[in-house]
Amino acid sequence: MYVAVKGGEAAIAAAHALLDKERRGEPAIPELTTDQIREQLALAVDRVMCEGSLYDRDLAALAIKQARGDLIEAIFLVRAYRSTLPRFGYATPIDTGSMTIRRRISATFKDLPGGQVLGPTFDYTHRLLDDRRHGAAPVVQPLRKAVEDDAAVPHVSDLLGEQGLIEPNPRAVNDEAVGDLTRDPLSFPADRDLRLQSLSRGDEGLLLALGYSTQRGYGRTHPFAGEIRMGPVEVHFVPEELGFEVSLGTILVTECEMVNQFKGSAESPPQFTRGYGLTFGHCERKAMSMALVDRALRARELGEEVVAPAQDEEFVLSHTDNVQATGFVEHLKLPHYVDFQAELQLVRQMRCEWEAANRKEAAE
Amino acid sequence: MSDAAHYNFAYLDEQTKRMIRRALLKAVAIPGYQVPFASREMPMPYGWGTGGVQVTASVLGPDDILKVIDQGADDTTNAVSIRKFFERTAGIATTTHTRDATVIQTRHRIPEAPLKEGQILVYQVPIPEPLRFLEPRETETRRQHALEDYGLMHVKLYEDIARHGHIATTYAYPVKVDDRYIMDPSPTPKFDNPKMDMCPALQLFGAGREKRIYALPPYTKVVSLDFEDHPFERTKFDRGCELCGAEGIYLDEVVTDDRGGCMYVCSDTDYCEGRRAAPHAAAPPIREARR
C-alpha cells in the first residue's frame with residue numbers, strides 16, 4: 001500500500017554524508033591538502049579562478065577539493081561565494097604591456113623586440129606517459145637568463161599599428177562606464193566590453209569548440225596568433241578618499257591577440273583586424289579560443305555576413321556560462337511528475353482518438 | 001564560510017535586495033511584463049529555483065512564515081532544500097500549511113486551498129518567455145511583446161486544433177494578463193491556470209538564469225488563451241484522491257507495481273493531509289474511497 005513519500009530531509013542528509021565519505025576516498029591514503037592542489041594542480045586552479053571570476057588561488061583550491069575535482073562544480077562554488085562579496089570599486093585597467101613576462105610567443109614574426117620566451121609550456125613535450133611521475137621525481141633546476149630591467153616587450157599589434165597595418169584598438173570613451181554583466185542583465189545587441197566579459201568567464205570547452213568551428217569554415221576569420229603572453233601584472237585602484245592610485249598586488253594573466261583577415265573599404269585601406277582574449281591565470285587554450293570567438297562576433301561591426309554559430313552573439317553569449325548551463329541541464333533531475341502527469345493524460349487521450357479514427361477508417 | 005551567521009538576512013546583501021525590489025515594483029506596475037534584473041549566482045544551481053529564491057529573499061521579513069512546495073508537495077527534495085536554506089539564512093518560521101503561510105514559494109503547482117489577501121505566491125520560472133519555443137531570439141520576442149504582436153502564438157494554437165482537434169498544451173499554458181501581455185504561467189499544469197485569475201494574493205515570478213521577474217498584482221484578470229469555438233478546458237480527472245477522497249483537485253499517478261498497477265493521490269500534500277486529519281462532512285470517508 002502506498003503511503004505518501006516522506007523523509008526527503010533524512011535522505012538528503014544521508015546522501016551528503018555519503019558524499020563526504022566518497023570525497024575522502026580510501027582512508028589509508030593520505031588526504032590531499034589544498035596547498036598541494038594550489039601548487040601542483042595550478043592549471044585547474046587557474047581555470048576555476050578564470051571561469052569563477054574570482055582571483056583567489058586558495059579559495060579555488062578549496063573549491064576543487066570540495067568538488068572532488070569536478071571543475072564546473074568548483075567554478076559554481078566560487079561564483080556562489082563571489083556573489084556575497086561587497087563591491088567596493090573598480091580597479092583601473094591593467095596594463096599587459098608592463099607585464100613581467102613569463103611566456104611570450106608570436107607566430108607572426110621570427111624574432112621581435114623582447115624575444116620569444118617559451119616559458120612553462122606543454123608545447124613540444126612528447127605526450128608520453130612518464131612513470132617517473134608516480135613518485136617523487138627529482139626536479140631539474142630550469143636555466144635562468146638575466147633580463148635587463150628596462151627590456152621593452154612591446155605588443156606585436158603595436159608594432160603593426162605603427163605602420164597602420166592593423167586597425168587601432170578602440171579608444172575608451174571616458175564618460176562611458178564599462179558594462180558589467182554581473183551587475184546588470186545582459187541585453188542584445190551587446191557591445192564588445194560585455195561580449196569580452198562574457199567570453200572571459202565563459203566555458204573553456206564551449207569557446208574551444210566555437211573557435212575551432214571558425215577555423216573549419218563556419219565563419220572563417222583567417223587568424224594568426226599575433227601574440228600570446230603570460231605573466232603577472234599589477235592591479236591598481238584609486239580609492240575615492242585618497243584620489244591617487246595604489247597598488248593592490250599582482251595577478252597572473254594570459255593574453256592572446258589574434259591578427260585576422262584584412263578587408264578594405266572605400267573609407268579605409270586594407271588592414272588586419274583584431275581578436276582579443278584575456279584570462280586570469282595561465283589559461284592559454286581559453287585565451288586563444290576567446291580571441292577567435294571575439295573576432296567572429298565582430299562580424300556585424302565589420303560588415304560581414306552572419307552565417308555561422310560563432311558569429312551569432314545572441315547564440316554565443318546566451319550559452320557560454322557553464323554555471324547556468326549545468327544548472328539548467330541538470331535541473332532535469334528534479335521531479336517533473338506534475339507536468340508529466342498532464343502530458344501522460346494528453347498522450348492517452350490522443351492515442352484513444354487515433355485508435356478511434358483508425359477503427360472508423362477500417363470500417364469504411 | 002558555511003556558517004549562515006556570516007551572511008546577511010536571507011543570504012543576499014541589502015543592495016541586491018533593493019535592486020530586486022525595484023524590479024518587483026516595476027513588475028507589479030506592469031502586470032505580465034518581464035522585467036530584466038541582475039540575477040545573482042546563488043548557492044543552488046541555476047534552474048533549481050534561483051529566481052524564486054531571490055524573489056523570496058527580497059520580500060521576506062523576520063516575521064514571515066514560509067512554505068515551500070515542489071510538485072505540490074512540501075517534502076520533495078528540492079522543496080526541503082530551499083526551505084532549509086531560508087531556515088538557515090533568515091532564521092524565519094516555516095510551515096507546510098497553506099493557510100498559515102505569508103509567503104509560499106512554489107515550483108509547478110498552485111495550492112488547492114484558495115489563497116487570501118496578504119499572502120505572496122512566488123513561482124520558480126525556468127523559461128519566462130511564452131514565445132520562446134516559437135521564436136528563440138530574445139531581441140525578436142521583446143519586439144513582439146512591445147507591439148502586442150501575438151500572431152505567432154495564435155497560429156500555434158490554431159495549428160494544434162487543426163492537427164489534433166484540440167490545443168495540445170497541458171502545462172505552461174499561455175495566458176493573457178490584464179488584456180495586454182501574454183505570459184507564461186511557469187510550468188504549472190493548465191489545471192491551475194484558473195486559480196491565477198482574480199487571485200486575492202500577490203503572485204510573483206522569478207527566473208534566475210534568464211534574469212527576468214514578472215508579477216500579477218492581487219485581483220488581476222488572467223485569461224487562458226483559447227478560441228470562441230474551442231474554449232479553454234481545464235484538465236479533469238475522472239476520479240478522486242485515493243487517500244483523502246477529494247475530487248476536482250490535481251492528482252499524481254503513483255505506480256505501485258510493474259504490472260500497470262497505479263493509484264491516484266492528491267498532488268497537494270498539505271491539502272490531502274489536512275483532509276485526512278479532519279475530514280469534512282462533504283468528503284467521502286477514506287475507507288470508501290480506497291479500492
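Let me begin by describing the structure that accompanies this report. On a predicted model such as this, the values are computed, not experimentally measured, just so you know. (Residues numbered from 1 in each chain as written. Chains lettered and ligands numbered in written order. Predicted model: local features only at pLDDT ≥ 70, side-chain atom pairs only at ≥ 80, totals over all residues. Heavy atoms only, no water.)

Here the focus is the environment of Ala225(A). One can find Ala225(A) in strand β2 (residues 224-237). Apart from the residues within four sequence positions on either side, Ala225(A) is in contact with Ser106(A), Ala107(A), Thr108(A), Glu257(A) and Met258(A). (Helix = DSSP H or I, 4+ residues; strand = E, 2+ residues; numbered from the N terminus. Contact = heavy atoms within 4.5 Å.)

Residues and elements named next belong to chain A. Mapped onto the elements, Glu255 comes out in strand β3 (residues 246-260). Buried and unpaired, Glu255 has Arg229 as its nearest opposite-charge partner, separated by 4.1 Å. Within the local environment of Glu255, its side chain forms a polar contact with the side chain of Thr96, the two groups lying 2.8 Å apart. If near-sequence neighbours (up to four positions away) are discounted, Glu255 is found in contact with Thr96, His155, Glu227, Ile228, Arg229, Tyr276, Gly277 and Leu278. (Buried < 20%, exposed > 50% of the residue type's maximum accessible area, 1.4 Å probe, protein only. Lys, Arg positive; Asp, Glu negative; His and termini not counted. Salt bridge = Lys/Arg side-chain N within 4 Å of Asp/Glu carboxyl O. Polar contact = N/O pair within 3.5 Å; in protein donor to acceptor, adjacent residues only side chain to side chain.)

Another aspect to go through is the sheet that holds strand β6 (residues 175-177) of chain B. Residues and elements named next belong to chain B. Within the open sheet, the three strands sit side by side as β7-β6-β10. Their pairing is antiparallel. Two strands close off the open sheet at either side, each with one partner strand: β7 (181-183) and β10 (222-224). Strand-to-strand twist in this sheet, taken as the mean axis angle between neighbours without regard to direction, amounts to 35 degrees. Bridging between β6 and β7 involves three bridges; their strand directions are antiparallel. Its bridge partner being in β7, Val177 is matched across the sheet by Tyr181. (Pairing = 2+ DSSP bridges. Axes fitted to C-alpha atoms, helices over the stretch in contact; angles between N-to-C directions.)

Counting from both sides, the interface comprises 46 residues of chain A and, opposite them, 61 residues of chain B. For the chain A and chain B pair, buried surface summed over both sides reaches about 4,600 Å², with 60% attributable to carbon and sulfur atoms. Where chain A touches chain B, the interface holds five salt bridges. The salt bridge partner of Asp312(A) is Arg137(B), with a shortest N-O separation of 2.5 Å. On the surface where chain A and chain B come into contact, there are 23 residue pairs in polar contact (both at pLDDT 80 or more). For the side of chain A that touches chain B, the element with the highest residue contribution is helix α12 (residues 337-363) of chain A, accounting for 13 residues. Partitioning the side of chain A that touches chain B into residue classes produces 20 nonpolar, 11 polar and 15 charged. (Buried area = accessible area lost by both parts, 1.4 Å probe. Nonpolar A, V, L, I, M, F, W, Y, C, P; charged D, E, K, R; others polar.)

Attention now goes to the side chain of Arg40(B). Following the sequence through the fold, Arg40(B) ends up in the loop between β1 (35-36) and α2 (50-59). Within the structure, Arg40(B) has its side chain in polar contact with the side chain of Thr16(B) (distance 3.3 Å). Non-local contacts of Arg40(B), meaning those with residues more than four positions away in its chain, are made with Ser83(A), Thr182(A), Arg183(A), Leu12(B), Thr16(B), Met19(B), Tyr46(B) and Gln54(B).

Residue and element names in this part refer to chain B. Here helix α5 (residues 151-164) spans 20 Å end to end across 14 residues, near enough to the 20 Å set by a 1.5 Å rise per residue. The set of residues buried in α5 consists of Met153, Leu157, Asp160 and Ile161. Down the axis, α5 shows its buried residues gathered within 95 degrees of arc, on one side only. Seen from the open side of α5, the exposed residues pointing more than 90 degrees away from its buried face are Tyr158, Ala162 and Arg163. Those residues of α5 that are buried are in contact with β7. (Expected span 1.5 Å × (residues − 1). Arc of directions from axis to C-beta.)

In short, the description is geometric, and any link to function would need to be established separately.
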